[in-house]
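Coordinates in review
One letter stands for each residue in the lines below.
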Amino acid sequence: MAHQHPPRFLKIVDDAKTRIHETTVDAVKARLDRGDKFLLIDVREESEFAKDHLPGAIHLGKGVIERDIEARVPELNAELVLYCGGGFRSALAADNLQKMGYTNVISMDGGIRGWREKNYPLTKG
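Residues numbered from 1 in each chain as written. Predicted model: local features only at pLDDT ≥ 70, side-chain atom pairs only at ≥ 80, totals over all residues. Heavy atoms only, no water.

1. Thoughts on the overall build of the chain
Quick reminder of the rule: By the criteria applied, helices consist of DSSP H or I runs no shorter than four residues and strands consist of E runs no shorter than two, each listed in order from the N terminus. With the radius of gyration taken over C-alpha atoms, the globule rule is written as 2.2 Å times the number of residues to the power 0.38. To sort residues, take the accessible area from a 1.4 Å probe on protein chains only and compare it with the maximum for the residue type: under 20% means buried, over 50% means exposed, and anything in between is partly exposed. Should any heavy atoms of two residues lie within 4.5 Å, those residues are considered in contact.
Broken down by element type, the chain carries six helices and seven strands. A globule of 125 residues ought to have a C-alpha radius of gyration of about 14 Å, and the chain, at 14 Å, matches this closely. With respect to the three principal axes, the spread of C-alpha positions in the chain is 35 × 35 × 25 Å. Within the chain, buried positions represent 41% of all 125 residues. Once local pairs closer than 6 in sequence are excluded, the contacts in the chain between residues at least 24 apart make up 70%.

Written out as structure tokens, the structure reads:
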């Protein structure tokens with residue numbers, strides 16, 4: 001079930017989406033299955049990540065990703081696929097990372113909710 005987001009939040013998400021690249025849940029799953037090399041980053045809250053997350057994902061929450069990304073990923077051309085609950089926070093984070101000079105950032109539209117709907121595997125804890 002989709003969350004009801006306030007209109008001003010949706011406005012800034014829609015604005016960010018005009019500048020970022022997005023991918024689908026199915027495309028990310030296919031890339032993971034092929035063993036493609038990219039960094040999968042969960043931008044949800046720490047408690048959400050602790051409950052479950054996509055296999056191989058690292059956690060850099062939306063609240064700290066801009067502060068901590070350079071230490072974790074110093075290469076500005078590294079391929080980063082971001083996801084959150086539904087694709088809104090990851091869009092905002094992707095936009096900010098691009099502003100910081102990261103050139104290969106993608107947001108997974110649909111987020112972990114879309115992943116769950118397809119019954120794709122999740123890692124607990």
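Now that the structure is up, let's keep going.
2. A word on helix 5 (residues 88-99)
As a reminder, the rule being used: One fewer than the residue count of a helix, multiplied by 1.5 Å, yields its expected span.
Counted at 1.5 Å a residue, the expected span for helix 5 with its 12 residues is 16 Å, and the 17 Å between its end C-alpha atoms agrees. Where helix 5 is concerned, the buried positions are Ser90, Ala91, Leu92, Ala93, Ala94, Asp95 and Leu97. As for helix 5, its buried residues are in contact with helix 1 (7-17), helix 4 (65-72), strand 5 (80-83) and strand 6 (105-108). Immediately downstream of helix 5, the backbone of glycine 101 shows phi near 110 degrees, a positive value.

3. What about the pairing of strand 2 (residues 39-42)?
The criterion, for reference: For two strands to count as paired, DSSP must find a minimum of two bridges between them.
As judged from the four bridges shared by strand 2 and strand 5, these two strands associate in the parallel manner. Within strand 5, the position partnered with isoleucine 41 by the bridge is leucine 82.

4. Side note on the pattern of salt bridges
Applicable threshold: A pairing counts as a salt bridge when a side-chain nitrogen of Lys or Arg comes within 4 Å of a carboxyl oxygen of Asp or Glu.
Per the counting criterion, the structure on display carries 15 salt bridges. Between aspartate 109 and lysine 17 there is a salt bridge, with its nearest N and O atoms 3.5 Å apart. Separated by 92 residues along the polypeptide, aspartate 109 in the loop between strand 6 and helix 6 (111-117) and lysine 17 in helix 1 bring together distant segments of the chain. Residue class for lysine 17 comes out partly exposed when judged on its relative accessible area of 24%. With a shortest N-O distance of 2.8 Å, aspartate 52 and arginine 116 are connected by a salt bridge. Residue aspartate 52 is located in strand 3 (residues 52-53), and its partner arginine 116 is located in helix 6; the two are separated by 64 residues in the primary sequence. Take aspartate 52: its relative accessible area is 3%, and that puts it in the buried class. Classification of arginine 116 by relative accessible area gives partly exposed; the value is 31%. Where salt bridges share partners, they join Asp15, Arg19, Asp95 and Lys99 into one cluster.

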